[in-house]
Amino acid sequence: MCTNPWVAAITLVVGLGAMAACSDDQKADNGGVQPDGGAGAGGADAGGGAGGGDAGADAPMVTLPVKANELVSGQFAQSEGIAFNGEGRLFVVADTDLWEVKPDGSTSMVADLTNPVGLASRGKDEILVAEFGDKTFTKDGMNDDGSVLSVTPDGTVTTIATGIGDPNFIHVRKDGTLLVSDDFTDKIYEVATDGTVSTFLQGIQSPNGMVESLDGNDLFVAQTFTMLDPLTFDDRLWRVPLTSGAPGTPVELGATGGAGANDGVAMDAQGRIYVAENVGASVWRFDPKTGDKELVVDMVGGVASLAFGEGDFNATSIYATNLFGGKVWEIPIDVAGAPVNR
Ligand SMILES: [Ca+2]
Ligand SMILES: [Ca+2]
Ligand SMILES: [Ca+2]
């Protein structure tokens, strides 16, 4: 049984036979989505040296690409969202529920949810959850039953925003507002601190992972699909200039260049952007100024969401989830993450 429509959508094209039954009823409406071809940025294979020198404490340089270690394996069928809470505890979405993962790889269920996807950290110990709800685009077409939930480590679930179709990724801004993407639309929503939902930006087709630059002057957005009917994966990363926090016109920063389905993102202490290329089975690092990219890790099929280690975890590793296999990877890159807004 396929529970996550995102998986259904992906498998529709990838053709994993065992899950093919999930892709019934695909009613992609494709409202105005144009196949846009020009992924551009070809061949930009910046061999190292992005950014000016060692920003962090003695930053030893590893040789890229690195190998991913498996922290969790064989326990879940799928995993998507990942976040450390304000206490440095690690949480992931796996098999439609919220789980805590300990540094030794042991897991415990925190909350039984419906169709949770992306996670973010807020406040002292909360985890925010992008919850698709019962209805999903791939099964029901456009809908509005998605929500943003807050879950505390004791499993208390509070709804903080409603009315978003299939919310995918949550980015917490410095002022406490949330940006929430829905990759079955061309919209990024803003959730005010009182829970009011409005459209923040319309125009990037299928937005997914999002992170703001260290200086707050740009928002970077990973694009998952080029179009929804027929379902076509996209490999682009967008830069949205911000003026006093408000979005300008998106410009293409670069492209991962492989099979695509760009998903979660993270940022390091030097302001470089890491993009999970889900179907492309890779994580890439982009220079925010030039769009030049480096391959951080490959052979990570279904890599979904990324978070730098905190608490008792390795602060110079990226932890990553696995949409098609439920693993949690540790990707040791010897670079610390940027401060996380919470
Ligand atoms: Ca559940
Ligand atoms: Ca929904
Ligand atoms: Ca995602």
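Preceding this section is the structure that the text describes.
Presented here is an overview of the structure given in this document. (Residues numbered from 1 in each chain as written. Chains lettered and ligands numbered in written order. Predicted model: local features only at pLDDT ≥ 70, side-chain atom pairs only at ≥ 80, totals over all residues.)

**Describing unusual backbone geometry**
- A cis amide bond links Leu64 to the next residue, Pro65, at an omega of -5°.
- Note on placement: Pro65 falls in the loop between helix 1 (5-14) and strand 1 (69-72).
- Phi is positive for Ala281, which is not a glycine, with a value near 60°.
- As for its placement among the helices and strands, Ala281 is situated in the loop between strand 22 (273-277) and strand 23 (282-286).
- What makes Ala281 partly exposed here is the crowd of 18 C-beta atoms within 10 Å. (Helix = DSSP H or I, 4+ residues; strand = E, 2+ residues; numbered from the N terminus. Buried ≥ 20, exposed ≤ 12 C-beta atoms within 10 Å, placed from the backbone.)

**What about the environment of Gly254?**
- You can see Gly254 is positioned in strand 20 (residues 251-255).
- The spacing of Gly254 and Arg239 is 15 residues in sequence and 9.0 Å in space, taken between C-alpha atoms.

**Observations regarding the pairing of strand 14 (residues 207-212)**
- For strand 14, the tally of buried residues reaches six of six residues, placing the bulk of the element in the interior.
- Where strand 14 lies against strand 15 (residues 218-223), four bridges are found, and the strand directions are antiparallel. Looking at the pairing, Met210 lines up with Val221 of strand 15.
- Hairpin connection from strand 14 to strand 15: five residues lie between these consecutive antiparallel strands, with Gly216 at a positive phi of about 75°. (Pairing = 2+ DSSP bridges.)

**A closer look at the nonpolar core**
- If you look at the biggest cluster of nonpolar residues, it comprises 80 residues, and the most contacted ones within it are Phe220, Val265, Val275, Val283, Leu306, Ile318 and Ala320.
- Apart from the residues lying within four places of it in its own chain, the contact partners of Val265 are Gly209, Met210, Val211, Phe220, Ala222, Ile273, Tyr274, Val275 and Leu306.
- Membership of the second largest hydrophobic core comes to eight residues, among which are Phe137, Phe225, Leu231 and Phe233. (Core = buried A, V, L, I, M, F, W, Y, C linked by C-beta atoms within 7 Å. Contact = placed C-beta atoms within 7 Å.)

Read these as geometric descriptors, not functional statements.
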